Amino acid sequence: GCARPLEFQSGKPSVSKPLPENKDNVFVDESGDKPNWEVRIQNENTKVLVIGASNMRKAREVTLPPNWEVHSFPGAKFQHASALLRKMTVTENLRHISLQVGVNHRDERPTKYLGDLRKTMDALRKLESNNINFSFSVTGVSVDPHRLPPGHRENVKVINDLLEAEAHMHTRALQKRF
């Protein structure tokens, strides 16, 4: 069947005309070979690239615009995201990367991953500074209180707070630049 995808214009989502279902733009690396993970953009017309952990495989359940790609890396943590971003090449048409990682740190204290989170943000900022008309976003970890034990819920809140703080610092730096 056809779904109604979201199209982003002027920062506000709007419903566009129905598109045929297309699962060819969702890629899941099930190899588990984390040191050799790599993001290879498959379509030269890709404008939006979503990189995330296993939850991103669910993108197969929705219709994405044809100029979007989703790459899912089950088990991905900030250290993996940082490595993926440092190795990747931004194609000419790519305009935005949305990163969704952090859930796999839900049972860890911040001291274990904070350095890797900062390296990930630095890698995103470097990609942005090296490419004209390019931006990024980082999605926090969604929490269903009924599915996570209290300790994990508290850790996820800390992860989201840290991501929000990093995003706020990035926004302030951009404002100073312009």
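Residues numbered from 1 in each chain as written. Predicted model: local features only at pLDDT ≥ 70, side-chain atom pairs only at ≥ 80, totals over all residues. Heavy atoms only, no water.

K.L.:
Please set out the packing of helix H1 (residues 78–87) against helix H2 (residues 110–130) residue by residue, giving values where relevant.
P.N.:
Between H1 and H2, the shortest axis-to-axis distance is 8 Å and the interhelical angle comes to 25°. As far as their axial angle goes, H2 and H1 are roughly parallel. H2 is crossed by H1, and the crossing has left-handed handedness. Contacts between H1 and H2 involve Phe78, Gln79, Ala81, Ser82, Leu85 and Arg86 from the first element and Tyr113, Asp116, Leu117, Lys119, Thr120, Ala123, Leu124 and Leu127 from the second. The residue makeup of the contact of H1 with H2, split by class, is 8 nonpolar, 3 polar and 3 charged. (Axes fitted to C-alpha atoms, helices over the stretch in contact; angles between N-to-C directions. Helix = DSSP H or I, 4+ residues; strand = E, 2+ residues; numbered from the N terminus. Parallel < 35°, antiparallel > 145°, perpendicular 65-115°, else oblique. Left-handed = near helix turned anticlockwise from the far one by under 90°. Contact = heavy atoms within 4.5 Å. Nonpolar A, V, L, I, M, F, W, Y, C, P; charged D, E, K, R; others polar.)

K.L.:
With reference to specific residues and values, describe the pattern of salt bridges.
P.N.:
A full pass over the atoms with the stated rule returns 7 salt bridges. Asp161 is the partner of Lys157 in a salt bridge, and the nearest nitrogen-oxygen pair spans 2.8 Å. Within this pair, Lys157 and its partner Asp161 are both found in helix H3 (residues 150–177), separated by 4 residues, close to a single helical turn. Exposure remark for Asp161: the relative accessible area of 37% places this residue in the partly exposed category. Sharing partners across several salt bridges, the network here consists of Arg118, Asp122, Arg125 and Glu166. (Salt bridge = Lys/Arg side-chain N within 4 Å of Asp/Glu carboxyl O. Buried < 20%, exposed > 50% of the residue type's maximum accessible area, 1.4 Å probe, protein only.)

K.L.:
Which residues make up the packing of aromatic side chains, and what values go with them?
P.N.:
Overall, the coordinates contain 2 aromatic pairs when judged by the stated rule. Between Trp37 and Phe73 the ring centres are 5.0 Å apart and the planes differ by 50°, which places this aromatic pair in the tilted class. Highlighted residues: Trp37 in the loop between strand S3 (26–28) and strand S4 (48–52) and Phe73 in the loop between strand S5 (68–72) and H1, separated in sequence by 36 residues. With relative accessibility at 2%, the residue Phe73 sits in the buried group. (Phe/Tyr/Trp six-rings, centres within 6.5 Å; stacked < 30°, edge-to-face > 60°.)

K.L.:
An account of H2 is requested, with residue identities and associated values reported.
P.N.:
The α-helix winds at 3.6 residues per turn, so residues separated by three or four positions along the chain end up facing the same way. Across its 21 residues, H2 extends 29 Å between first and last C-alpha, which sits within 8% of the 30 Å expected from 1.5 Å per residue. Among the residues of H2, those classed as buried are Pro110, Tyr113, Asp116, Leu117, Thr120, Met121, Ala123, Leu124, Leu127 and Glu128. An end-on view of H2 places all buried positions within 155° of arc, on one side of the element. Residues of H2 that are exposed and point over 90 degrees away from its buried face: Thr111, Lys126 and Asn130. (Expected span 1.5 Å × (residues − 1). Arc of directions from axis to C-beta.)

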